[in-house]
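Chain and residue survey
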Amino acid sequence: MSALNDLTAHELSELLGKREASAREVLEATCARIDEVEDNLAAYLLLTREEAERQASAVDERRARGEDLPALAGVPLALKDIFCTKGIETTCGSRILKGFVPPYDADVVERCRENGLVLVGKTNMDEFAMGSSTENSAFGVTHNPWDLERVPGGSSGGSAAAAAASSTIVALGTDTGGSIRQPASFCGVVGLKPTYGRISRYGVVAFASSLDQVGAITKDVRDCALMLNVLAGHDPRDSTSIAAPAPDYTRALVSELAGMRVGLVKEFMEYQGVGVDREVGAAVRGAVERFHELGAECGEVSLPHLNYSIPVYYLIAPAEASSNLARYDGVQYGYRTPEEGAADIIEMYRKTRDDGFGPEVKRRIMLGTYALSAGYYDAYYLKASQVRGLIRRDFDRAFEQYDILVGPTSPTVAFRLGEKTEDPIAMYLSDVCTIPVNMGGLPGMSLPCGFSPDGMPIGLQLVGRSLGEEALLRAAYAFEQTTDFHRRRAHSVRERNGRRCVVARASA
Amino acid sequence: MAKYRPNIGLEVHAELNTRTKVFCGCPTAVGAQPNTQVCPVCLGFPGVLPVLNRRVVEFALRAALAMNCEIVRPSIFERKGYYYPDLPKNFQISQKRAPLGRKGHLEVTVNGETKRVGIYDVHIEEDAAKLLHPEDDRGHSLVDFNRSGVPLLEIVSDPDMNSAAEAEAYMNAVRDMLLYLGISECRMEQGQLRFEASVSLRPEGESELGTRVEIKNLNSFRAVIGAVGYEIWRQSQALDSGEELVQETRLWDDERGATEPMRTKETAMDYRYFPEPDLTPLEVDDEWIGRIRAELPELAEARRRRLTEQHGLSDYDAGILTGDKVLADLFKATAAEGAPAKAAANWLTGEFLRLLKEGGLAAEQTRLEPKGLAELIGLVEKGAINAPAAKQVFGKLFERGGSPSEIVKELGLAQISDEGEIAGVVDGVIEEHPDAVENFHKGKEQALKFLVGQVMRKTRGRANPQLVNELLRKRIGGG
């Protein structure tokens, strides 16, 4: 029998409900896995074991009293270190927030607590969610559990790696241009970025406010639906939060796709004349075949303005970031340069920010500051906003014909550590298929759809209409039922650079 | 001096008196201990988001509509970026490209003439924290975030004013308006009204405006008037000597009574405005606008005009009455209770203001009610009490309110109009003062006055003086 932490949340939910396992036992198994793999994986920045034990015990006690508990009560949870957690340090992967202990919980953290999820730790990420490999963290690199020499993707790399290695059961991430979907793809797990506004951003350290969205990273599609049930809903503290009530997403999990129209996006398969990796393309086309077999009508569709998504994104996101990150000045919280080093407050600001931010964050602050400057605003920020409107229109048109759009999540499988750190453009292109979805504010999902010859997972991306999460879940679930990709685990004991890493999760 | 024509524009920043801040639920009350009215939102902590206070929009709409502005739909909040320790996010949420209101006007009166000043825009923004610089030798400053996020209304005028006097009249009109609308306390000593001015000079007859100089750090009417006057003088001196003026921002020094350079156009701040992505565009529907328009009170200027034209009050009385919203409201309500306007105005501009001054009180601190005042005026008109008694009753109404007729009873002030009762007193007085009667017979009218006085004294002022006169004349003849 597999260890408890190798199970999915819904499997655990059933065991816990039948009292065949306790939340304490599940937590212990998860912590044992963390102890086993964390030295080599480095998925976590902070472990909250004592707090977790208290939460798990509380769930067990409530169950013993015969209380009716929420579906995911007692299930271990890892949080990307971008979510503010009351009394628990929140760094956003940045030196400038080292030591910052928020006095409040993010809305989603409150929701997870209310649902009895057990917080095991805060996971590593690219600094301020800026990156696609988790190599931009100020606190070290996270490794891909399928191959320790490869990146887990980013920016929610810690969350994806932990879920894939079963050192958590479920995890939360954020996605501004692909930061949930791309690492989920690289690590062979499921990641869903819902419609912009479906989940509250309150208490989520902002990167690019008009694009940021919270979502779950899970081992399978059903877990993803269960997590969305926990996270989605209106929050009056977020003015961009959608008022419409959230449905029960598990009702979308049916095993056929009769009548569904599925469109393969040409621009996802080929960006400015360069095609995605051969094995990635093959796996995606195979998935489309599978959709067809499940009863869907499949076709191909072109969204020409997607070719501008990278430049548009790298104007809008840095512009918003340059403003959002202005508050990190050493005055109120986080890092401040030693006083003797600064003659006046301007120098204090400069040195604090120079010491506190890493190179990629600085690069984007400069890009954004430039794009918003007097005389350049119209040519850059405004123009980019207009093109963003065209991208949205392309999606609207495509959705007149199709119910969901598909393509690869990323043009490649997980690349090697250090492979793209010197070439920011190559790194940015890793998100070429995911960025347009944030531009449209649409729901997007990644799930495993195959493996490369060298054993790395390949992600399939599904894109839905605004508030079309149910269609995504339905298609994803039906597809998943016909494959065993989600059951395959990074299962072997691998020797890499003399490091021995157990990332075992038995094949089912 | 008449060689140049000044053009003056004013920006007024007014703190709105909503109970809570503009983007969070913290209270706005002044006088609290530093940093006690704060939360993660107004401290600009990571991850927090602004939520617009609807009441602030309501207040701003009142002002925009009162100034005849067109309402911009939707209006957009933007971020204005600059680094300063009183600004916790290092950007201020404000409005720029789509302010709540624009293209309005306000009428002001200077030397009896009405002038229309254009309103360029009216918009909502958040106040910054307050910096305190303790005078010890530790060389540090303190930040009080209680003020951070207090709602501000910024009213930007067109450069339509041509003298310091017009600027003063405009500021008065804006303050009166804010007070009449009940949306700001306008306490300048607490920084609730702050100003920025722009001054340019052009040769008389020239239509194009001259080089614009902006002046900051104006925290009182006096400072604005001083700074505007100084700038007009400085710029005309410069132009006279053939100097070219530079477009710049200058700082007013209250102590020196002069402006000094702060920055020029070349070193101007770049605020990098862009739409605030955490707030949705502000949609104000017709129904909302209609409701607010219907509820708008009459403003000082309009009310002053109505008082002179309809009620026949003097400019002077009308000016006094409308100069204080509470006073103006009292007048309006007293007249509505049926009191003649003239009498109501006399009481309010006379005895009422005298008592306020004597007690060092503000109008809203008294207990005088319009109904009571109207009744009192009625009693006097009917002859139920005489003037000195009426003053006594007014004093009581001022102190504790209540019903004038009760007070009259309580103090025994009712006028004696019973002929029999007065006749008895009259007879007694005639008997006691034969010499006065004789003098009267000799033609000395003064003597009659003396006798009336004696009757009044004996009745402690309560006798109806007209009746006393009549009876006396009847008794001693010569009537």
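This text follows the structure it describes.
Below, the structure is looked at part by part. (Residues numbered from 1 in each chain as written. Chains lettered and ligands numbered in written order. Predicted model: local features only at pLDDT ≥ 70, side-chain atom pairs only at ≥ 80, totals over all residues. Heavy atoms only, no water.)

1. What about the overall build of chain A?
Defined as follows: Under the scheme used here, helices are H or I runs from DSSP no shorter than 4 residues and strands are E runs no shorter than 2 residues, and both carry numbers assigned from the N terminus. Three labels apply to residues, based on accessible area from a 1.4 Å probe with only protein chains included: buried if under 20% of the type maximum, exposed if over 50%, partly exposed otherwise in between. Accessible surface is estimated by sampling points in the Shrake-Rupley manner with a 1.4 Å probe; for residues, cover comes only from the protein chains shown. Residues counted as positive are Lys and Arg, residues counted as negative are Asp and Glu, and His and the chain ends are not counted. Where a charge lies is defined by one atom per residue type: Lys uses NZ, Arg uses CZ, Asp uses CG and Glu uses CD.
The helix and strand tally for chain A stands at 16 helices and 15 strands. With the C-alpha coordinates of chain A rotated into their principal frame, the extents come out at 65 × 50 × 50 Å. Of all 508 residues assigned to chain A, the portion counted as buried reaches 64%. For chain A, the accessible surface area stands at approximately 17300 Å², while carbon and sulfur atoms represent 49% of it. Side-chain charges in chain A split into 55 positive and 68 negative, and the spacing between the mean points of these groups amounts to 1 Å.

2. Description of the overall build of chain B
Stated precisely, the cut-off is as follows: Here the radius of gyration uses the C-alpha set of atoms, whereas the globule reference equals 2.2 Å times the residue count to the power 0.38. Throughout, a residue-residue contact means that at least one pair of heavy atoms, one from each residue, lies within 4.5 Å.
Scanning chain B from N- to C-terminus turns up 15 helices and 14 strands. The globule rule puts the C-alpha radius of gyration for 479 residues at 23 Å, and the 30 Å found for chain B is more than 25% above it. Along the first, second and third principal axes, the C-alpha atoms of chain B reach 95 × 55 × 55 Å. In chain B, which comprises 479 residues, the share counted as buried stands at 51%. For chain B, the proportion of contacts with a sequence separation of at least 24, taken over those separated by at least 6, is 68%. Accessible area of chain B: about 22800 Å², with a carbon and sulfur share of 48%. If you average the places of the 61 positive and of the 74 negative side-chain charges in chain B, the two averages end up 3 Å apart.

3. What to know about empty space enclosed by the protein
Empty pockets left among the atoms are what a rolling probe the size of a water molecule brings to light. Residues and elements named next belong to chain B. Selection criterion: Cavity means a closed set of points on a 1 Å grid over the protein atoms alone, one where a 1.4 Å probe fits but cannot get out, pocket means an open set with protein on both sides within 12 Å along at least 5 of 7 lines, and lining means a residue has an atom within 4 Å of a point. Grid points are joined across faces, edges and corners, and a volume is the space filled by probe spheres set on the points. Charged means Asp, Glu, Lys or Arg here, nonpolar means Ala, Val, Leu, Ile, Met, Phe, Trp, Tyr, Cys or Pro, and polar covers whatever is left, Gly included.
This structure, assessed with the given rule, holds six cavities of 30 Å³ or more. Roughly 190 Å³ of volume is contained in the largest cavity. Around the largest cavity, the lining is made up of 23 residues, and of these Val41, Pro50, Lys89, Ile93 and Glu126 lie nearest the centre. Its residues assigned to classes, the lining of the largest cavity comprises 13 nonpolar, two polar and eight charged.

4. Brief notes about the sheet that holds strand β2 (residues 76–80) of chain A
Residues and elements named next belong to chain A. Heads up, the rule is: A pair of strands is labelled paired if DSSP reports no fewer than 2 bridges between them. Where helices are involved, their axes are fitted lines through C-alpha atoms of the stretch in contact, as for all axes, and angles between N-to-C directions lie from 0 to 180°.
Sheet architecture is open: eleven strands sit in the order β1-β3-β2-β4-β6-β5-β12-β13-β11-β7-β10, paired in mixed fashion. Each having just a single partner strand, β1 (44–47) and β10 (297–301) make up the two edges of the open sheet. Neighbouring strand axes in the sheet, compared pairwise and without regard to direction, differ in orientation by 30° on average. Bridge analysis of β2 against strand β3 (residues 118–123) gives five bridges, and the strand direction is parallel. Of the residues in β3, the one forming a bridge with Pro76 is Val118. On the sheet, helix α3 (residues 49–64) packs against β1 and β3 and is oriented at approximately 155° with respect to β3.

5. Details of the packing of helix α9 (residues 370–382) of chain B against helix α10 (residues 387–400) of chain B
All names here are of chain B. The condition that has to hold: For classification purposes, angles smaller than 35 degrees are called roughly parallel, those larger than 145 roughly antiparallel, those between 65 and 115 roughly perpendicular, and all remaining angles oblique.
Orientation of α9 relative to α10, taken along the N-to-C sense of each, is 170°, at an axis distance of 11 Å. Accordingly, the angle class assigned to the pair α9 and α10 is roughly antiparallel. Mapping the contact onto sequence places Gly372, Leu373, Leu376 and Val380 in α9 and Ala390, Val393, Phe394 and Leu397 in α10. The class makeup of the residues in the contact of α9 with α10 is seven nonpolar, one polar and no charged.

6. Description of the packing of α10(B) against helix α11 (residues 404–411) of chain B
All names here are of chain B. Rule in force here: Crossing handedness: left-handed means the near helix sits turned counterclockwise from the far one by under a right angle, and right-handed means the same turn made clockwise.
At their nearest, the axes of α10 and α11 sit 10 Å apart, and the two run at 120° to each other. Relative to α11, α10 is oriented oblique. Relative to α11, the crossing made by α10 is right-handed. Here Gln392, Val393, Lys396, Leu397 and Arg400 of α10 come into contact with α11, specifically with Pro404, Ile407, Val408, Glu410 and Leu411. For the contact of α10 with α11, the per-class residue count stands at six nonpolar, one polar and three charged.

7. Here's the deal with helix α8 (residues 341–359) of chain B
Residues and elements named next belong to chain B. Inclusion rule: What a helix should span is 1.5 Å times the count of its residues minus one. Bending is quantified residue by residue as the angle between axes fitted to the seven-residue window ending at that residue and the seven-residue window starting at it.
The end-to-end C-alpha distance of α8, which contains 19 residues, comes to 26 Å, matching closely the 27 Å that a straight helix rising 1.5 Å per residue would cover. At Phe352, α8 shows its largest kink, close to 30°. Here α8 has its buried residues at Ala341, Ala343, Ala344, Ala345, Trp347, Leu348, Thr349, Glu351, Phe352, Leu355 and Leu356. Those residues of α8 that are buried lie in contact with α6 (315–322), α7 (325–336), α9 and α10. The first or second residue beyond α8 is Gly360, which carries a positive phi of 60°.

8. Some details on the interface of chain A and chain B
The accessible area lost on association of the parts is a frequent measure of interface size. Going by this rule: Accessible-area loss on putting two parts together, using a 1.4 Å probe and summing over both, is the definition of buried area adopted here. Note on definitions: salt bridges are taken to be side-chain nitrogens of Lys or Arg within 4 Å of carboxyl oxygens of Asp or Glu.
In this assembly, 37 residues from chain A lie in contact with 29 residues from chain B. Each partner contributes to the roughly 2700 Å² buried at the junction of chain A and chain B, and carbon and sulfur atoms together form 57% of this total. When the area that chain A buries against chain B is broken down by residue, the three leading residues are Ser239(A), Arg327(A) and Gln332(A), summing to 23%. Scanning the region where chain A abuts chain B turns up one salt bridge. In this structure, the salt-bridge partner of Arg201(A) is Asp278(B), at a minimum N-O distance of 3.0 Å.

9. Quick notes on the packing of aromatic side chains
Two aromatic rings, taken as a pair, are described by how far apart their centres are and by the angle between their planes. For clarity, the cut-off: Put simply, two rings from Phe, Tyr or Trp (the six-membered ring, in Trp's case) pair if the centres are within 6.5 Å, and we call them stacked under 30 degrees between planes, edge-to-face over 60, tilted for the rest. Only lysine NZ and arginine CZ atoms are considered, and such an atom sits over a ring when it is within 6 Å of the ring centre and within 35 degrees of the ring normal.
Enumeration according to the criterion identifies 28 aromatic pairs over all chains in this entry. Here a set of aromatic residues connected by ring pairs shows up, and it is made of Phe100(A), Tyr104(A), Phe128(A), Tyr202(A), Tyr328(A), Tyr333(A), Phe357(A) and Phe45(B). The aromatic ring of Tyr335(A) is capped on one face by Arg95(A), whose charged end is 4.6 Å from the ring centroid.

10. Here's the deal with the pairing of β3(A)
All names here are of chain A. Selection criterion: Every crossover in which the path from the first strand over the helix to the second runs clockwise, viewed with the strands pointing away from the viewer, is termed right-handed.
With six of its six residues buried, β3 lies for the most part within the structure. Looking at chain direction, β1 and β3 are connected through three bridges and run antiparallel. Bridge assignment links Leu46 to a residue of β3, and that residue is Lys122. Once the chain exits β2 it traverses helix α4 (residues 107–114) before rejoining the sheet at β3, and the crossover so formed is right-handed.

11. What about α4(A)?
Residues and elements named next belong to chain A. Buried within α4 are the following residues: Asp107, Val108, Val109, Arg111 and Cys112. Check the buried side of α4 and you find it contacts β2, β4 (170–175), β6 (213–218) and α7 (221–231). Once α4 ends, the next one or two residues include Gly116, with phi positive near 80°.

12. Here we look at a negative patch on the surface
All names here are of chain A. Cut-off, in case you're wondering: A patch is a set of surface residues, each over 30% in relative accessible area and not in a salt bridge, joined within 9 Å for like charges and within 5 Å for the nonpolar side chains Val, Leu, Ile, Met, Phe, Trp and Tyr.
Together, Glu25, Glu28, Glu50 and Glu53 give the surface a local cluster of negative charge. Taken together, the elements giving at least two residues each to the negative patch come down to α2 (23–41) and α3. In this structure, Glu25 sits in helix α2. According to the relative accessible area criterion, Glu25 is partly exposed, its value standing at 41%.

13. What to know about the environment of Ala206(A)
All names here are of chain A. Mapped onto the secondary structure, Ala206 falls in the loop between β5 (190–193) and β6. Relative accessible area serves as the criterion here: at 15%, Ala206 is assigned to the buried category. On a C-alpha basis, the gap between Ala206 and Thr176 in space is 9.7 Å, while along the polypeptide they are 30 residues apart. In this structure Ala206 touches Asp212, Asn324 and Leu325, once residues within four positions along its chain are discounted.

No statement about biological role is implied by the geometric values presented.
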